[in-house]
Amino acid sequence: MSKLDELETHLSPLPRMALAAVPTPIEAMPRLTEAVGGPSLLVKRDDMTGFATGGNKARQLEYSMGAAIAAGADMLLVTGAVQSNYMRTAAAAAAKLGMACHLQFENRVPGMDAGYHSNGNVLLDRLYGATTSTFPVGEDEAAADASIAVIAEEHRAKGRTPYLLTLSADTKPLGALGYMRCAAEILDQIAGGEPAFDAIVVPSGSAATHVGILLGLRLLGSDLPVHGICVRRDAAAQTDRVKSISRLAETLIGCGRVVEDDQVICHDDWLGPGYGRGTESTFEAIALAGRLEGMIVDPVYTAKSLAGTIGLSRAGVFTKGQRVLWLHTGGLPAVFAYGDKMIGHD
Ligand SMILES: *Cc1c(COP(=O)(O)O)cnc(C)c1O
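First, a word on what this report is: a plain description of the structure on this page. This structure is a prediction, so every number in the text was calculated from the model and none was measured.

What about the pattern of salt bridges?
So, step 1. Counting across every chain of the model gives 18 salt bridges.
So, step 2. Among the ionic pairs, D47 bridges to R45, the shortest N-O distance being 2.9 Å. Each member of the pair, D47 as well as R45, carries the same accessibility label: buried.
So, step 3. A salt bridge links R247 to D261; the shortest N-O distance between them is 3.6 Å. With R247 in helix α10 (residues 235-253) and D261 in the loop between α10 and β9 (265-267), this residue pair connects regions lying 14 residues apart in the sequence.

Here it is, written out as structure tokens:
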């Protein structure tokens, strides 16, 4: 039985809408490996999940959209950062289902130019037909959720059946289920001939990806270390978040306690000044990915998780002879919104 079939015995009661083009390939990064000089670096190409230009949100939204359909929703309401890949993918999924979609833009990144507010994901949101509004308070997840709840109430009063997509730590972790499938997929790729890995590196933001990979691997009997690279909070706060969302996910699928506290690893050395704001290592990762591997990484997420992969290799946490798998989670459209800011001090 494949690991994905084994996982299905836990997930099959939950409704799902297939969105992602899977399995995504695992590829070597020989030129980056040589430049870094430590372990063999490989990439799981989840930037190639296809739907709505790809990325990790295609997998994450499969169970959320399944739940929205099951709830009889005719409208999707989503809150997130202005250049949110989640909102862009949700807007596309809503369009595909004939649902209306409203997006609330949280102004989390100060001092950005007109391109940030109109290009990249924002342009795609409009092409997918979503309506938008702005939430001015930068980093207040609870207030943003309260504000979108008010918008939901207004639409209910007009006879709509809205479905809310929020990413707070206490939200039902449906997105993580999509990444449990990715964990199964990686184990099936290993069973199919891909040599085993010594570690996997993932970005850790809402933590849906991190929790899904970690819980999926452990549930399916793999003890592969999972390193989360912080993209929004410091390591202490993110570690708490990954633990608490793991508990929620274990409860959701009824598997009992699977993830142990000491298996939750978060690093914040590559976070820089904060969410969406780059630092030296961010710009270096962007340059290395582009020039050595012909691969684009975005400044908010994937450049930081790649910088973490490179940094942990240089620091000797990963060593020569080991094989390290970095999860590329997409984010391409944001590149066009950040423009020259991608290049840093180059
Ligand atoms: C959302 C996002 C992440 C972060 O994933 P979480 O599951 O929210 O932790 C990483 N990379 C990209 C490109 C994203 O869009």
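What to know about unusual backbone geometry
So, step 1. Between V22 and P23 the backbone carries a cis peptide bond, its omega angle lying at 0 degrees.
So, step 2. You can see P23 is positioned in the loop between α1 (3-11) and β1 (26-28).
So, step 3. One non-glycine residue, A207, lies in the positive phi region at around 85 degrees.
So, step 4. Relative to the helices and strands, A207 resides in the loop between β7 (199-204) and α9 (208-219).

Here's the deal with the sheet that holds β7
So, step 1. The 6 strands are arranged β1-β2-β10-β7-β8-β9 in an open sheet whose pairing can be described as mixed. In this open sheet, the two strands that pair with only one neighbour each are β1 and β9. Looking at each pair of strands side by side, their axes are set apart by 30 degrees on average, direction ignored.
So, step 2. Taken together, the 3 bridges between β7 and strand β10 (residues 323-328) define a ladder with parallel strand orientation. Bridging across to β10, A199 finds its partner in V324.
So, step 3. Helix-sheet contacts for α9 involve β7, β8 (226-230), β9 and β10, and the interaxial angle to β7 is about 150 degrees.

Quick look at the layout of surface pockets
So, step 1. Roughly 310 Å³ of volume is contained in the largest pocket.
So, step 2. For the largest pocket, the lining is made up of 21 residues, of which T166, T171, K172, P173 and L174 are closest to its centre.
So, step 3. Counting residues per element, the ones that place at least two in the lining of the largest pocket are α3 (56-70), β6 (162-165) and α8 (174-191).
So, step 4. Residues belonging to the lining of the largest pocket are distributed by class as follows: 13 nonpolar, 7 polar and 1 charged.

Things to note about the nonpolar core
So, step 1. In terms of nonpolar packing, the biggest core is built from 108 residues, with L32, L76, I200 and I213 touching the most fellow members.
So, step 2. Taken domain by domain, the makeup of this core includes at least three residues from each of domain 1 (3-56 + 172-342) and domain 2 (57-165).
So, step 3. Look past the residues within four positions of I200 in its chain and what remains in contact with it is I186, I213, L217, L224, P225, V226, H227 and L325.
So, step 4. Of all hydrophobic cores here, the second largest spans 5 residues; its members include L77, I148, I151 and A152.

A word on helix α7 (residues 141-157)
So, step 1. Over its 17 residues, α7 extends 25 Å from the first C-alpha to the last, a length consistent with the 24 Å expected when each residue adds 1.5 Å.
So, step 2. Of all the residues in α7, the buried ones are A144, D145, I148, I151, A152 and H155. The arc that holds every buried residue of α7, seen down its axis, measures 115 degrees, which confines them to one face. Exposed residues pointing more than 90 degrees away from the buried face of α7 are listed as A142 and A157.
So, step 3. Looking at the packing, one finds that the buried side of α7 touches β3 (75-81), β4 (100-106), β5 (131-135) and β6.

Some thoughts on empty space enclosed by the protein
So, step 1. Scanning the entire structure with this criterion turns up 1 cavity of 30 Å³ or more.
So, step 2. Its volume calculated, the largest cavity comes out at about 390 Å³.
So, step 3. The wall of the largest cavity is formed by 32 residues, among which K57, L167, G205, S206 and Y301 lie closest to the centre.
So, step 4. When residues of the lining of the largest cavity are traced back to their parent elements, those giving at least two are α3, β3, α4 (85-97), α7, β7 and α9.
So, step 5. Across the lining of the largest cavity, the residue classes break down as 9 nonpolar, 16 polar and 7 charged.
So, step 6. Here the lining of the largest cavity gathers at least three residues from each of two domains, domain 1 (3-56 + 172-342) and domain 2 (57-165).

So, the pairing of β10
So, step 1. Within β10, 6 of the 6 residues are buried, which leaves the element mostly enclosed by the surrounding structure.
So, step 2. Of the two faces of β10, both are covered, the one formed by R323, L325 and L327 as well as the one formed by V324, W326 and H328.
So, step 3. Summarising the sheet, strand β2 (residues 40-45) and β10 pair through 6 bridges and their orientation is parallel. Bridge pairing in β10 places K44 opposite L327.

Procedures and definitions
- Residues numbered from 1 in each chain as written.
- Predicted model: local features only at pLDDT ≥ 70, side-chain atom pairs only at ≥ 80, totals over all residues.
- Heavy atoms only, no water.
- Salt bridge = Lys/Arg side-chain N within 4 Å of Asp/Glu carboxyl O.
- Buried < 20%, exposed > 50% of the residue type's maximum accessible area, 1.4 Å probe, protein only.
- Helix = DSSP H or I, 4+ residues; strand = E, 2+ residues; numbered from the N terminus.
- Pairing = 2+ DSSP bridges.
- Axes fitted to C-alpha atoms, helices over the stretch in contact; angles between N-to-C directions.
- Contact = heavy atoms within 4.5 Å.
- 1 Å grid on protein atoms, 1.4 Å probe; cavity = no way out; pocket = protein on both sides within 12 Å on 5 of 7 lines; lining within 4 Å.
- Points joined across faces, edges and corners; volume = space filled by probe spheres on them.
- Nonpolar A, V, L, I, M, F, W, Y, C, P; charged D, E, K, R; others polar.
- Core = buried A, V, L, I, M, F, W, Y, C linked by side-chain atoms within 4.5 Å.
- Domains from an automatic or database assignment.
- Expected span 1.5 Å × (residues − 1).
- Arc of directions from axis to C-beta.

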